[in-house]
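# Remarks on the overall topology
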Amino acid sequence: MTEGLQGPAPDERPQPSGRRNAQGIRIDPEMEAVHDPRRTALSALVQNEPGVLAKISGLVSRRQFNIESLTVGTTTNPETSRVTLVIEEPEPGIRQVEKQLEKLVNVISVRELGDDAVRRELVVLKVHGEEPDKVNAITDMYGGETLDAGPRTITVQITGDEQKVDDAIDAFRQFGIRELARTGQTALARGEEWTTHAEEERYERTQVRQ
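Just so it is clear, the structure is predicted and the values come from calculations on it, not from any experiment.

Parameters and conventions
The residue numbering used here restarts from 1 in each chain and proceeds along that chain's sequence as written. Restriction of local features to residues with pLDDT of at least 70 applies here, the model being predicted, together with a cutoff of 80 or more for giving and counting side-chain atom pairs; totals for whole chains, interfaces and linings are based on all residues. Calculation of side-chain values draws on the structure's entire complement of heavy atoms; hydrogens and water are dropped beforehand. Secondary structure is summarised from DSSP: a helix means a run of H or I of at least four residues, a strand means a run of E of at least two, and numbering begins at the N terminus for each. Throughout this description, buried means an accessible area under 20% of the type-specific maximum (1.4 Å probe, protein chains only), exposed means over 50%, and partly exposed covers the range between. Here a residue-residue contact requires only that any non-hydrogen atoms of the pair lie within 4.5 Å. To be clear on the numbers: accessible area is Shrake-Rupley with a 1.4 Å probe, and residue cover counts the displayed protein chains and nothing else. By the convention used here, strands pair only if DSSP detects at least 2 bridges between them. Here an axis means a line fitted to C-alpha atoms, over the contact stretch when the element is a helix, while the angle between two N-to-C directions is reported on a 0 to 180 degree scale. A side-chain nitrogen of Lys or Arg and a carboxyl oxygen of Asp or Glu constitute a salt bridge if their distance falls within 4 Å. By definition, the arc is the one covered by directions from the helix axis to the C-beta atoms. Note on terminology: a nonpolar core comprises buried Ala, Val, Leu, Ile, Met, Phe, Trp, Tyr and Cys residues joined through side-chain atoms within 4.5 Å. Stacked, edge-to-face and tilted are the three classes for Phe, Tyr and Trp ring pairs, Trp counted by its six-membered ring, which pair at centre distances within 6.5 Å; planes under 30 degrees apart are stacked, over 60 edge-to-face, the rest tilted. Here a polar contact is taken to be a pair of N or O atoms separated by no more than 3.5 Å, where protein atoms must pair a possible hydrogen donor with a possible acceptor and residues adjacent in sequence count only if both atoms sit in side chains.

## Details of the overall build of the protein
For the protein, the helix and strand inventory stands at six helices and nine strands. Across the 210 residues of the protein, 38% fall into the buried class. Restricting the contact set of the protein to residue pairs at least 6 apart, pairs at least 24 apart contribute 69%. Summed over its atoms, the accessible surface of the protein is roughly 13,000 Å², and 48% of this surface lies on carbon and sulfur atoms.

Written out as structure tokens, the structure reads:
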């Protein structure tokens, strides 16, 4: 009788731990341990290819992470775009999002932004126009701009950090907000610091070409 390969018995082999979610994906027990959630922003430098945004949003939503906002836009390099993802998760969840994003082929570099990062978002509001002078006063107070004004509605835009945008929206509620569109955060690291780890090298490469 030929002996098989040596190894542990079936009941001695390590077994995967953690429950599976509704999609059958096993959840790391550490992620389900008690950790206070915190809100943070991740910046991802990605290749400009069709479907990359869908891949990122699909990956995060499949794993049931809580997305607050997701924005995308071009960078100084026409081959890349920047994705800014705001999530609220416990610490293990934030690290897991980073790891999962880094596995995507189209993602070049991912980094969590610090508290001192420069963050901005834009909101466009359409309010009732019965009190145009008061609406204009509030718009000026928040450094906004009137985009459209008619006898029945006034549409304005406000740009700033999240707290400023929140405060502006509250201030406009007195006029009755008919419609609202908010972009979500976009952000860059402060000062000379590069927003993601790959950007300095890629920037220098574009300068050499010029």
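## As for the sheet that holds strand β4 (residues 107-112)
Here four strands make up an open sheet; going across it, the order is β2-β3-β1-β4 and the pairing antiparallel. A single partner strand is all that each edge strand has here, and the edge strands are β2 (67-74) and β4. Here the average twist between neighbouring strands, direction ignored, is 15°. As judged from the five bridges shared by strand β1 (residues 38-47) and β4, these two strands associate in the antiparallel manner. Note on β4: the bridge partner recorded for V46 is V107.

## A short note on the pattern of salt bridges
Applying the stated rule across the entire model yields 14 salt bridges. In this structure, the salt-bridge partner of E91 is R95, at a minimum N-O distance of 2.2 Å. Highlighted residues: E91 and R95, both in helix α3 (residues 91-103), separated by four residues, approximately one helical turn. Judged by relative accessible area, which is 32%, E91 ranks as partly exposed. R95 gets classed as partly exposed once you look at its relative accessible area, which sits at 25%. In this structure, the salt-bridge partner of R95 is E98, at a minimum N-O distance of 2.7 Å. Of the two residues, R95 and E98 are both situated in helix α3; the distance of three residues between them amounts to about one turn of the helix.

## A look at helix α5 (residues 162-172)
Listed as buried for α5 are V165, A168, I169, A171 and F172. All buried residues of α5 fall inside an arc of 160° around its axis, so they share one side. Tucked inside the fold, the buried residues of α5 contact β5 (118-128), α4 (132-141), β7 (153-160) and β8 (177-182).

## Side note on the nonpolar core
Most often, soluble globular proteins keep nonpolar side chains buried together rather than apart. L42, V46, I56, L85, V97 and L101 are the most contacted members of the largest nonpolar core, which totals 17 residues. If you list the elements that add at least two residues to this core, you get β1, α2 (52-62), β3 (80-89), α3 and β4. Take this core: its biggest share by element is four residues, from α2. If near-sequence neighbours (up to four positions away) are discounted, L101 is found in contact with L42, I56, L85, V107 and V110. Ranked by size, the runner-up nonpolar core spans 15 residues in total, among them V135, A168, A171 and F172.

## Describing the packing of aromatic side chains
Tallying each qualifying case throughout the model produces one aromatic pair. Between the aromatic rings of F172 and F175, the centroid separation amounts to 6.3 Å while the plane-to-plane angle is 55°, which identifies the pairing as tilted. Per residue, the accessibility class of F172 equals that of F175, and both read buried.

## Side note on the environment of S81
Inspection of the secondary structure assignment puts S81 in strand β3. What makes S81 buried here is its relative accessible area of 7%. Considering only alpha carbons, one finds S81 and V52, 29 residues apart in sequence, at a separation of 9.8 Å. For S81, the residues in contact, after removing those within four places along its chain, are A44, L45, V46, N48, V72, G73, T74 and T75. A polar atom in the side chain of S81 sits 2.3 Å from the side chain of N48.

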